[in-house]
Amino acid sequence: MGDRARRRGRGPIAGLVVAALVAAGCMAGGVDQGEPQRPAPPRSGQPESQTTRADGTTSVAEFQRDIQDAVRLAEQYWAQQFRAPGQRFTPIRRVVPYSREGEVACAGQGLPRNNAVYCSAGDFIAYDVNWSVAAFRQIGDAFLFYLLGHEYAHGMQVRLGGRYDFTIQQELQADCMAGAYLGDSVRSGALELEDGDLEEFREGLLAVGDDPDQPWFAEGSHGTAEQRSDSFFRGYEKSLGACGLR
Ligand SMILES: [Zn+2]
């Protein structure tokens, strides 16, 4: 996916990505609301269409295309996994971009900037579009497939009714499931990787790892970079059977 020209080394915003996912993690909770809440006036939900060619960075149009591809691919993959008798697949209802703090709420709680979440209350994924574009430009297109794959996995965890004693179990499993989805999609031919894409996954996982000082049992812990990479690549290589789902 993507052309090699768009890949860039780790830039000066590396710290932004690290801080961002660590700070707020993936929310999964709440009980009541059916739709992402937005204050009036309603926004189109799309980032401004502009092209940034300087420094070989990629355009917002390409970003949007990759997001759409990533969502479609995840939906297709999980629909196939739910084909067993007695199972019924419902796609995640919406994928919502936002650009301001509190612009989108999950169960009455405004979402912070610089994050991507799955909100179980409304069964939607929301992502800070500016932060995501920055990560896309810094790390590459493969990062978006990982990010959407991870959030989509949270939606599947809810559908499968998993129970978790600690956030970190759920998060590392979501990384494994994201890896399985991507690895299986490559093996089936639904997704084609190019040189450098695996490296982008590695780089992305490094960027979203917890600070080493964070206790593993803390609420919001996602795992260290090493734990997250191990989980992701275990799923990537061995498929869903390695992710502890039942
Ligand atoms: Zn998560």
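Each remark here, short or long, concerns the structure printed above.
All figures in this text were calculated on a predicted structure; none of them were measured in a lab.

Novice: Any chance you could break down the side chain of S185 for me, citing the residues and the numbers?
Specialist: If you trace the backbone, S185 turns up in helix α5 (residues 167-188). Here S185 falls in the buried class, since its relative accessible area comes to 3%. The contact partners of S185, leaving out residues within four places of it in the chain, are L73, Y77, A180, A190 and L191.

Novice: Requested: an account of the state of the cysteines, with residues and values cited.
Specialist: In protein chemistry, a disulfide is the covalent bond that joins the sulfur atoms of two cysteines. Following the criterion strictly, the structure yields 2 disulfides and no others. Each sulfur in the disulfide pair C106 and C119 lies 2.1 Å from the other. Here C106 and C119 share a disulfide; its torsion about the S-S bond, 85°, makes the bridge right-handed. One end of the pair, C106, is in strand β2 (residues 105-106); the other, C119, is in strand β4 (residues 116-119), and 13 residues separate them in sequence. Here C106 matches C119 in class, with each residue buried. Each disulfide pairs two cysteine sulfurs, and for C176 the partner residue is C243, the sulfurs being separated by 2.1 Å. Measuring handedness by torsion sign, the sulfur bridge of C176 and C243 sits at about -85° and is left-handed. Placement of the pair is C176 in helix α5 and C243 in the segment after α7 (225-238), with a sequence separation of 67 residues. Summarising the burial analysis for this pair, C176 and C243 share the class buried. Here the disulfide map of the protein chain reads 1-2, 3-4, the bonded cysteines being numbered as they appear in the sequence.

Novice: Mind laying out the nonpolar core, listing which residues take part and the relevant values?
Specialist: Residues W78 and F232 are the most contacted members of the largest nonpolar core, which totals 48 residues. When contributions to this core are tallied by element, the ones reaching two or more residues are α2 (60-81), β4, β5 (124-128), α3 (129-138), α4 (141-160), α5, α6 (197-208) and α7. The element contributing the most residues to this core is α4, with 10 residues. For F232, the contacting residues outside a window of four places in its chain are Y146, D175, C176, A178, G179, L182, F201 and L205. Among the nonpolar cores identified, the runner-up in size contains 10 residues, and Y98, V117, F124 and A126 belong to it.

Criteria and cut-off values
- Residues numbered from 1 in each chain as written.
- Predicted model: local features only at pLDDT ≥ 70, side-chain atom pairs only at ≥ 80, totals over all residues.
- Heavy atoms only, no water.
- Helix = DSSP H or I, 4+ residues; strand = E, 2+ residues; numbered from the N terminus.
- Buried < 20%, exposed > 50% of the residue type's maximum accessible area, 1.4 Å probe, protein only.
- Contact = heavy atoms within 4.5 Å.
- Disulfide = S-S within 2.5 Å.
- Core = buried A, V, L, I, M, F, W, Y, C linked by side-chain atoms within 4.5 Å.

Note that all results are geometric; they support no functional claim without further evidence.
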